[in-house]
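# Analysis of the macromolecular model
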Amino acid sequence: MESVSMISEPSADIAKRWVQKSELADIYDKVMADRRLSREDGLRLFQSNDLLAIGFLANLVRERFHGEKTYWVYNQHINYSNICINGCRFCAYSRQQGEEGGFLLALDQVAAKVKERLHEPITEIHVVGGCHPDLPFSYYLDLVREIKKMRPESVIKAFTAVEVAHLAHNERLSVSEVLQALKEAGVQALPGGGAEVFSNRVRQLLCPEKLNSEGWLQVAKEAHLIGMRSNATLLYGHLETAAERVDHMLALREAQDETGGFITFIPLAFQTANTGLSGVQPRTGFTDLKTIAVSRLLLDNFAHIKAYWIMLGAKMAQIALHFGADDLDGTVMEERIGHMAGAQSAEALTPDELQGLIRAAGRQPVERDTFFKPVVRSTKSPSIPLYERGKIFK
Ligand code: V47
Ligand code: SF4
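No experiment lies behind these values; they were computed from the predicted model shown.

### So, the overall build of the protein chain
Looking only at helices and strands, one finds 16 helices and 10 strands in the protein chain. Over its C-alpha trace the protein chain gives a radius of gyration of 21 Å, about what one expects of a compact globule, namely 21 Å for 394 residues. Taken over the C-alpha atoms alone, the protein chain extends approximately 75 × 50 × 40 Å along its principal axes. For the protein chain, the proportion of its 394 residues judged to be buried stands at 46%.

In structure tokens form, the structure reads like this:
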């Protein structure tokens, strides 16, 4: 009986035969030949409900890049302000100036947040805020210098392309002058936020005031030109179509062909609560896994795909490690953007918890820095404190 003999067959062989007989057989052939997938292929992958076949294909590419290695980073997030002129409809985090709930951290408050964790071996400080109407450039530069002084060994990954363009506009400087000054102050990489979906249709509906897609890509490319690297995101699970997701990925692929400066791609799962989109159909697990898998397949020139556990939840992020993702992001410590929009995940995971998730998925955890260089800890490194346990599977 065929079913009996199949049981003893290695599961990868069974999956391979399954995909070869499926509607995605020609895409399998392309993946095996390491050929670039087309827009049409991306659309067909999103249309297909053969999730395991899609995951199998994405996993082939993921393992070709990284084998079992799965990355995590010991990082700290600092949100310096939520005051923002843009008023994006999907954002529960921002406030207008003067509105209740708005905040702006003074530099000594930022310093206190860094100081609180100086005993921890943090390798990356991730800093983002809103587009504040009148915060002077000196605030941003002093903030970066202060963090650098306190944590000279950590990488500062700060300010999205949207914040950079906003600063340039407010200060009547060019984008490249702003980037150069930030770099001199100590910024080594830009986070990937603000890309949302490049579709003009969606941007008109959700964030018409925000830097447009050409502007976002231009800032990223200019950063790459002066030797700064950056990340790229896609906010999905709201009003966008599958075709708009595919086009977003292809625009990033084209930009990466030009500069090679993107470090990682991060599909950001939309959280609906307290936003102007509370009524939209909540995302499904299928959408999460397909979006990660399709991005792994289309973005053949991106080394890394991040399953950002804050937005996905730890369990879905763990499963994504077999659907194309090779990175979970990090410890984070304090997160506002997703949690103000109802994210159900914890706000921090310990290194033990992150590594436990990775091992339980049958993968090999590797601590990395911002640029995915493995972190080698000497025995003299400060010990990693144990946090309150039991917060992972909330
Ligand atoms: O730009 C806003 C998104 C981004 C919501 O580069 C929302 O390593 C979900 O970009 N639901 C900021 N997402 C976060 C970000 C990020 C996070 C972690 C790592 C990195 C990196 C970058 O969050 C914003 C926006 O696209 N966002 N509102 C929401 N309701
Ligand atoms: Fe402002 Fe960013 Fe929120 Fe848009 S997503 S309102 S730019 S903080």
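### Details of the nonpolar core
Counting residues in each nonpolar core, the largest one holds 111 residues, and the members touching the most others are Leu57, Leu297 and Ala307. Sorting elements by how many residues they give to this core places helix α5 (residues 51–66) first, with 7 residues. Domain assignment of the residues forming this core places at least three in each of domain 1 (2–66) and domain 2 (69–387).

### Description of the site of ligand 1
Around ligand 1 there are 23 residues in total, and Pro191, Gly192, Gly193, Asn231 and Ala341 lie nearest to it. Counting residues per element, the ones that place at least two in the shell around ligand 1 are β6 (229–236) and β7 (262–269). With 3 residues, β6 is the largest single contributor of residues to the shell around ligand 1. Broken down by class, the residue content of the shell around ligand 1 amounts to 12 nonpolar, 9 polar and 2 charged.

### Re the pairing of strand β3 (residues 124–128)
Among the 5 residues that make up β3, 5 are buried, leaving the element largely enclosed by the rest of the structure. Both faces of β3 are covered, namely the face carrying Glu124, His126 and Val128 and the face carrying Ile125 and Val127. Bridging between strand β2 (residues 75–79) and β3 involves 5 bridges; their strand directions are parallel. Residue Asn75 lies in a different strand from β3, and its bridge partner there is Glu124. On the question of chirality, the crossover connecting β2 to the parallel β3 by way of helix α6 (residues 107–116) is right-handed. For β3 and strand β4 (residues 155–158), the ladder comprises 4 bridges, and the chain directions are parallel. The residue of β4 that forms the bridge with Val127 is Ala158.

### Examining the sheet that holds strand β10 (residues 364–368)
Strand order in this open sheet of 3 strands is β9-β1-β10, and the pairing throughout is parallel. Strands with a single pairing partner mark the edges of an open sheet, and in this sheet they are β9 (327–330) and β10. Recorded for the sheet is a direction-independent mean angle of 25° between the axes of neighbouring strands. Most of the contacts of helix α16 (residues 351–360) go to strand β1 (residues 69–73), to which it runs at about 165°, and overall it touches β1, β9 and β10.

### Let's talk about the site of ligand 2
The immediate surroundings of ligand 2 are formed by Cys84, Asn86, Gly87, Cys88, Cys91, Tyr93, Ser94, Gly130, Cys131, Val162, Cys207 and Lys210. Residues of the shell around ligand 2, tallied by class, amount to 7 nonpolar, 4 polar and 1 charged.

### Some thoughts on the domain arrangement of the protein chain
Domain annotation for the protein chain reports domain 1 (2–66) and domain 2 (69–387). Distance between the C-alpha centres of domain 1 and domain 2: 30 Å. Listed per partner, the contact involves 18 residues of domain 1 and 21 residues of domain 2. Elements with a contribution of two residues or more to the side of domain 1 that touches domain 2: α4 (39–47) and α5. A total of 10 residues in the side of domain 1 that touches domain 2 trace back to one element, the largest contributor, which is α5.

### With respect to the packing of helix α2 (residues 11–20) against α5
Interhelical geometry of α2 versus α5 gives an angle of 115° and a closest axis separation of 10 Å. As summarised for this structure, α2 and α5 are arranged roughly perpendicular, according to the angle between their axes. Relative to α5, the crossing made by α2 is left-handed. Where α2 approaches α5, its residues Ala15, Trp18 and Val19 are matched on the opposing element by Ala53, Phe56 and Leu57. Residue composition of the contact of α2 with α5, by class: 6 nonpolar, no polar and no charged.

Rules of the game
- Residues numbered from 1 in each chain as written.
- Chains lettered and ligands numbered in written order.
- Predicted model: local features only at pLDDT ≥ 70, side-chain atom pairs only at ≥ 80, totals over all residues.
- Helix = DSSP H or I, 4+ residues; strand = E, 2+ residues; numbered from the N terminus.
- Rg over C-alpha atoms; globule rule 2.2 N^0.38 Å.
- Buried ≥ 20, exposed ≤ 12 C-beta atoms within 10 Å, placed from the backbone.
- Core = buried A, V, L, I, M, F, W, Y, C linked by C-beta atoms within 7 Å.
- Domains from an automatic or database assignment.
- Near = placed C-beta within 6 Å.
- Nonpolar A, V, L, I, M, F, W, Y, C, P; charged D, E, K, R; others polar.
- Pairing = 2+ DSSP bridges.
- Right-handed = clockwise from strand over helix to strand, strands pointing away.
- Axes fitted to C-alpha atoms, helices over the stretch in contact; angles between N-to-C directions.
- Contact = placed C-beta atoms within 7 Å.
- Parallel < 35°, antiparallel > 145°, perpendicular 65-115°, else oblique.
- Left-handed = near helix turned anticlockwise from the far one by under 90°.

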